[in-house]
Amino acid sequence: MKAKTDRRNSVELLRDGRKFEIKFVERLSGPVLHDVGTGAYGGNNIRLSLCNYGWPAQVIAIENLEGSVNWSEDLPKPAPTAQSLRSPSFTISGVGYKKDQKYKFKLVLLDSLNRTHAYIIEGHNLTKSIQKLWYSSVLTQNNALPPDSEAGRCSV
């Protein structure tokens, strides 16, 4: 049996009699990171594949918050706009990873308008969640960002 759709919250957007329901709104004026569920781990290494559906940016900092993974890579690192919705556009790699170990890190990106965008990525193995932290400030001389309490949050 087909599920009945609730049209009470639908809107006629195109003025042609058809009604649409808005399920998700995404701010695209900057990088928009999503997990595509791919990557690899083994031995002492982990590689997480990410997809940027928004503006191209540069990864400028990775700050480890939990776990013993060393995420230090050659930075800045490009985070280009994805060419498809299912394939990753860049990867983040770390060493010192043990299977089933939890990790949590802050990933900071700089867009072409010189605005910073920070994400918290946490998980274990290749299962992860991504939370965006919005900053309205500019970078300081040492790429320091304001404390999280000064940032607005939204989940992606």
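Reading the values: the criteria
- Residues numbered from 1 in each chain as written.
- Predicted model: local features only at pLDDT ≥ 70, side-chain atom pairs only at ≥ 80, totals over all residues.
- Heavy atoms only, no water.
- Pairing = 2+ DSSP bridges.
- Helix = DSSP H or I, 4+ residues; strand = E, 2+ residues; numbered from the N terminus.
- pLDDT = per-residue confidence, 0-100.
- Contact = heavy atoms within 4.5 Å.
- Patch = residues over 30% accessible without salt bridge, like charges linked within 9 Å, V, L, I, M, F, W, Y side chains within 5 Å.
- Areas by Shrake-Rupley, 256 points an atom, 1.4 Å probe, with all protein chains shown as cover.
- Salt bridge = Lys/Arg side-chain N within 4 Å of Asp/Glu carboxyl O.
- Buried < 20%, exposed > 50% of the residue type's maximum accessible area, 1.4 Å probe, protein only.
- Core = buried A, V, L, I, M, F, W, Y, C linked by side-chain atoms within 4.5 Å.

The next thing to look at is the pairing of strand β3 (residues 57-66). Pairing geometry for β3 and strand β4 (residues 77-79), over 3 bridges, is antiparallel. By the bridge assignment for β4, Ala57 is matched with Ala79.

This part is about the confidence of the model for the protein chain. Mean pLDDT over the protein chain works out to 82, with 78% of the residues at or above the 70 mark. Throughout residues 145-156 the model reports pLDDT below 50, and contacts reaching past four residues in sequence, or to other chains, amount to 31 contacts.

Okay, a nonpolar patch on the surface next. Together, Val11, Leu13, Leu14 and Phe20 line one region of the surface with nonpolar side chains, adding up to about 350 Å² of accessible area. Take Leu13: it is sitting in the segment before β1 (33-42).

A few words now on the pattern of salt bridges. For the structure shown, the criterion picks out 4 salt bridges. The residue Lys128 makes a salt bridge to Asp35 at a minimum N-O spacing of 2.8 Å. Placement of the pair is Lys128 in strand β8 (residues 127-134) and Asp35 in strand β1, with a sequence separation of 93 residues. Judged by relative accessible area, which is 11%, Lys128 ranks as buried. For Asp35, a relative accessible area of 29% gives the class partly exposed. For Lys77, the salt bridge identified is with Glu73, shortest N-O distance 3.0 Å. Here Lys77 and Glu73 have matching classes, each one buried.

Relative to β8, strand β7 (residues 116-124) runs antiparallel, the two being bridged by 8 bridges. Within the sheet, the bridge partner assigned to Ile120 lies in β8 and is Gln131. In this antiparallel pair of consecutive strands, β7 and β8, the connection spans 2 residues, and Asn125 shows a positive phi of 50°.

Further remarks concern the nonpolar core. Ranked by internal contacts, the top residues of the largest apolar core, which has 20 residues, are Trp71, Phe90, Ile92, Tyr103, Phe105, Leu107 and Leu109. Mapped by element, the contributors of at least two residues to this core are β2 (45-52), β3, β5 (90-95), β6 (102-111) and β7. Top element by residues in this core is β6. It accounts for 4 residues. Listed in part, the 6 residues of the second largest apolar core include Ile60, Leu110, Ala118 and Leu133.

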